[in-house]
Amino acid sequence: FIEDLVAELEVHHPSYMPDQYGQQGFLGTGFLKPYQVVIDYPRGRLSLFKPGSSRAGAECRGTAVPFAGQWNGEPVTEVETDLGRIVLWWDTGTPLSILTTRIALPTWPEVKEGPVTSRRLSVGGKDFGPWTFEVVNLTLPPGFEGFLGYNYFSKRLVCMDFRNKKLLVRKS
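From a predicted model like this one, the values you see are computed outputs, not experimental measurements.

Strands sit in the order 2-1-12-13-3 across an open sheet of five strands; the sheet is antiparallel. One side of each edge strand has no neighbouring strand; the edge strands of this open sheet are strand 2 (45-49) and strand 3 (63-66). The sheet shows a mean angle of 20 degrees between the axes of neighbouring strands, direction not considered.

Structure follows, in structure tokens:
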């Protein structure tokens with residue numbers, strides 16, 4: 001039970017209407033970091049556990065995926081795809097899984113923008129592929145190639161363990 005939680009109405013730019021993909025609002029990592037966060041979109045549940053609680057231990061299990069060190073405790077990981085090893089930000093607020101054209105075009109030159117499917121999506125040594133990404137012409141910071149978005153979370157149970165700087169991923 002969380003007391004004194006203040007929620008504000010989220011206003012989106014007309015070109016970005018996330019509710020068509022299932023989002024109804026956002027909770028940022030600043031709010032979530034003190035907890036082990038179990039995101040179970042297939043069952044419509046978000047659970048926050050104090051680190052070390054027995055319930056967190058029971059829920060936070062699966063393939064361990066360490067956060068990439070250079071991103072200061074944010075849910076950013078290295079994954080293996082048909083493109084090789086790339087760095088993706090895990091973001092439930094991004095409607096689709098996205099790759100930048102900068103990283104995708106050398107492998108898929110016929111895809112200027114739009115969907116492309118990687119035969120593999122290996123995280124933490126386990127292949128969760130194939131996986132479809134949307135190729136988008138956008139500029140991201142160096143060393144960061146895209147996002148695993150809401151569509152990924154909608155098919156997996158993910159525990160974000162900020163204290164131990166890792167994710168735990170499993171099919172729900």
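There is more to say, and it comes next.
Next up on the list: unusual backbone geometry. Across the chain, the bulk of peptide bonds are trans and the bulk of non-glycine residues have phi less than zero. Residue P130 follows G129 across a cis peptide bond; omega there is 0 degrees. In this structure, P130 sits in the loop between strand 9 (126-127) and strand 10 (131-136). With a phi close to 50 degrees, N72 is a non-glycine residue in the positive phi region. Counting through the fold element by element, N72 comes out in the loop between strand 3 and strand 4 (76-81). Of note, the phi angle at K165 is positive, near 50 degrees, even though the residue is not glycine. Relative to the helices and strands, K165 resides in the loop between strand 12 (156-161) and strand 13 (166-171). By relative accessible area, K165 is classed as partly exposed at 45%.

Evaluated as defined, the whole model comprises one disulfide. Each sulfur in the disulfide pair C60 and C159 lies 2.0 Å from the other. Looking along the S-S bond of the C60-C159 disulfide, the torsion reads about 70 degrees, which is the right-handed sense. Taken together, the residues span a long stretch of sequence, with C60 in the loop between helix 2 (54-59) and strand 3 and C159 in strand 12 at a distance of 99 residues. For the pair formed by C60 and C159, the shared burial category is buried.

Now for the packing of aromatic side chains. According to the stated counting rule, one finds ten aromatic pairs in the structure shown. Between the aromatic rings of Y41 and Y150, the centroid separation amounts to 5.1 Å while the plane-to-plane angle is 45 degrees, which identifies the pairing as tilted. Residue Y41 is found in the loop between strand 1 (36-40) and strand 2, and its partner Y150 is found in helix 4 (residues 150-153); the two are separated by 109 residues along the sequence. Given a relative accessible area of 30%, Y41 falls into the partly exposed group. Taking 5.4 Å as the distance between ring centres and 90 degrees as the angle between the ring planes, the aromatic pair formed by W90 and Y152 counts as edge-to-face. Linking W90 in strand 5 (residues 84-90) with Y152 in helix 4, this pair joins segments that are 62 residues apart in sequence. Side by side, W90 and Y152 carry an identical accessibility label, which is buried. Among the aromatic residues, those joined into a cluster by ring pairs are W71, W89, F144 and F147.

About the thresholds
Residues numbered from 1 in each chain as written. Predicted model: local features only at pLDDT ≥ 70, side-chain atom pairs only at ≥ 80, totals over all residues. Heavy atoms only, no water. Pairing = 2+ DSSP bridges. Helix = DSSP H or I, 4+ residues; strand = E, 2+ residues; numbered from the N terminus. Axes fitted to C-alpha atoms, helices over the stretch in contact; angles between N-to-C directions. Buried < 20%, exposed > 50% of the residue type's maximum accessible area, 1.4 Å probe, protein only. Disulfide = S-S within 2.5 Å. Phe/Tyr/Trp six-rings, centres within 6.5 Å; stacked < 30°, edge-to-face > 60°.

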